[in-house]
Amino acid sequence: ADLINMLNKFSDKPTIQCKLHDIALIYDSFNRLLSGKYIDSDDYINLLIDNLSHSKLLKEAEIWIDHFSSFSTQTIKLIEQLMDIAEVGISITMDPVKGNDHDLFSLSKRYFDCFYQSALNKGIKPEIIKIKRPGNYMHRSEELLFLEEQVYAYPYRRYPKKVSNIQIFAAANLNHEIQNMAIKVISLARERGLRWKEIAIICHDLDTYGSLIRRELQACGIPFFMDRKRSLSGNPIVE
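Q: Explain unusual backbone geometry here, please?
A: Leaving glycine aside, a negative phi is the common case for residues, and trans is the common case for peptide bonds. Here the residue pair Tyr 154 and Pro 155 is connected by a cis peptide bond, since its omega of -5° sits within 30 degrees of zero. Here Pro 155 shows up in the loop between α6 (142–150) and α7 (174–191). Backbone geometry places Glu 60, a non-glycine residue, at a positive phi of 60°. When you line up the elements, Glu 60 lands in the loop between α3 (41–51) and β1 (62–65). Here the phi dihedral of His 67 falls at roughly 70°; this positive angle occurs in a residue that is not glycine. With respect to the helices, strands and loops of the structure, His 67 is situated in the loop between β1 and α4 (73–83). Overall, the relative accessible area of 76% leaves His 67 in the exposed class.

Q: Explain the packing of α7 against helix α8 (residues 206–219) to me, please; I cannot follow it from the model alone.
A: For any two helices packed against each other, the geometry is given by the interaxial angle and the distance between the axes. One way to put it is that α7 packs onto α8 with a least axis distance of 10 Å and a crossing angle of 50°. If you check the angle between α7 and α8, you find them oblique. Once α7 is placed against α8, the crossing between them reads as right-handed. Together, Leu 174, Asn 175, Glu 177, Ile 178, Gln 179, Met 181 and Ala 182 of α7 and Thr 208, Tyr 209, Leu 212, Ile 213, Arg 215, Glu 216 and Leu 217 of α8 make up the contact between the two elements. In terms of residue class, the contact of α7 with α8 is made up of eight nonpolar, three polar and three charged.

Q: What is the right way to look at the nonpolar core in this model?
A: Considering soluble globular proteins, one finds that nonpolar side chains tend to be buried as a cluster. Residues Phe 71, Ile 79 and Phe 115 are the most contacted members of the largest nonpolar core, which totals 15 residues. Broken down by element, the residue count for this core peaks at five residues, all from α4. Setting aside residues no more than four positions away along its own chain, Ile 79 makes contact with Ile 65, Phe 71, Val 88, Ile 90 and Phe 115. If you look at the next biggest cluster of nonpolar residues, it comprises eleven residues, including Ala 182, Val 185, Leu 212 and Ile 213.

Q: Looking at this model, I keep getting lost on the pairing of β1. Mind explaining?
A: For a regular strand, the rule is simple: side chains alternate between the two faces of the sheet. The two faces of β1 differ: Ile 63 and Ile 65 on one face are buried, but Glu 62 and Trp 64 on the other face are not. Across four bridges, the pairing between β1 and strand β2 (residues 87–90) is parallel. Looking at the pairing, Ile 65 lines up with Ile 90 of β2. With α4 bridging β1 and its parallel neighbour β2, the resulting β-α-β unit is right-handed.

Q: Looking at this structure, how should I read the pattern of salt bridges?
A: Close approach of charged atoms allows side chains with opposite charge to pair. For the structure on display, the rule yields five salt bridges. The shortest N-O distance in the salt bridge between Asp 28 and Arg 32 comes to 3.1 Å. Of this pair, Asp 28 and Arg 32 both sit in helix α2 (residues 20–34), four residues apart, which is roughly one turn of the helix. Since its relative accessible area comes to 38%, Asp 28 is described here as partly exposed. Assessed through its relative accessible area of 47%, Arg 32 is described here as partly exposed.

Q: How should I be thinking about the packing of aromatic side chains in this particular structure?
A: Two aromatic rings, taken as a pair, are described by how far apart their centres are and by the angle between their planes. Within the structure shown, the criterion is met by five aromatic pairs. Each ring, one from Phe 71 and one from Phe 115, has its centre 5.1 Å from the other, and the planes form 85°; the classification is edge-to-face. In this pair, Phe 71 is assigned in the loop between β1 and α4 and Phe 115 in helix α5 (residues 106–121), connecting sequence segments 44 residues apart. Judged on exposure class, the residue Phe 71 and its partner Phe 115 are both buried. Ring pairs connect the aromatic residues Phe 68, Phe 71, Tyr 111 and Phe 115, which therefore count as one cluster. We note Arg 110 situated over the ring of Tyr 111; from NZ or CZ to the ring centre the distance is 5.6 Å.

The rules behind each value
- Residues numbered from 1 in each chain as written.
- Predicted model: local features only at pLDDT ≥ 70, side-chain atom pairs only at ≥ 80, totals over all residues.
- Heavy atoms only, no water.
- Helix = DSSP H or I, 4+ residues; strand = E, 2+ residues; numbered from the N terminus.
- Buried < 20%, exposed > 50% of the residue type's maximum accessible area, 1.4 Å probe, protein only.
- Axes fitted to C-alpha atoms, helices over the stretch in contact; angles between N-to-C directions.
- Parallel < 35°, antiparallel > 145°, perpendicular 65-115°, else oblique.
- Left-handed = near helix turned anticlockwise from the far one by under 90°.
- Contact = heavy atoms within 4.5 Å.
- Nonpolar A, V, L, I, M, F, W, Y, C, P; charged D, E, K, R; others polar.
- Core = buried A, V, L, I, M, F, W, Y, C linked by side-chain atoms within 4.5 Å.
- Pairing = 2+ DSSP bridges.
- Right-handed = clockwise from strand over helix to strand, strands pointing away.
- Salt bridge = Lys/Arg side-chain N within 4 Å of Asp/Glu carboxyl O.
- Phe/Tyr/Trp six-rings, centres within 6.5 Å; stacked < 30°, edge-to-face > 60°.
- Lys NZ or Arg CZ within 6 Å of the ring centre and 35° of its normal.

Structure, rendered in C-alpha cells:
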C-alpha cells in the first residue's frame, strides 16, 4: 500500500522528479512488498552474506579471488564478510610505480585501498605480495616492452632506435587484412623456423573476424586452435 500510494503521488506529473529520500522510501516499500514472496539474484547474494558465518566449509579456509577488474558494492560486502571467517587473498593488477600512465590503474588502486582498509578495520594485518614479472620478460622484444609502457602514457616518449619487430599494415578490407596475416604466419614458419604453436594471432573482435580467420587458415593448411567462448545453450547435449 505504501508503494502504491507513493507511486500515485507522482502519477499526475508528466515528469517524475524524486528526491533521494523519496526514492529510498519507494525502494524500502518495494522490498517490504516482495519480502517472503519473491527472490532475485541479488537476494541470493544477500542470503549468502547473512549465512556465511554458519558455514563449516569456509571456516578458516584459504580463498583466492583472481582476474576481476571491478567489484560491485554487494560483492565487496561479500568479500568483507569472508574476511571474518577465512583467509582471503585478492589479486589486483596495478603498477606500483606512479608513472605517466598511473590513471590507467586508478580503479584498481581504489579497490586495493578499500580492501586494505576493510582488513584494518577488522583487526586483520594485511600482507602485500608483489608478483614479479614473468621469467621470460627479459627475453621479450625491447620494442614491445617499450610499447607496453608507453601505449597509454601521456605525455609519451618516442622509441629512440630503429623499429624492426613491429609492423603496421593498412588493408583495403577484412579479406585483404586476413590474407596478409596468413602470409605473415607462413613467412614466420618458413623463413624464421618458428613452429605453429609459437605463433599467436590476437584479435579484438572474433564475432567479426573469427569465421574469416578460420576459413583462411584452413585454406592455407595452417593448424590452429581458436580460443573463443561459445554459448552453452547452443550445445546439443544441453538442448
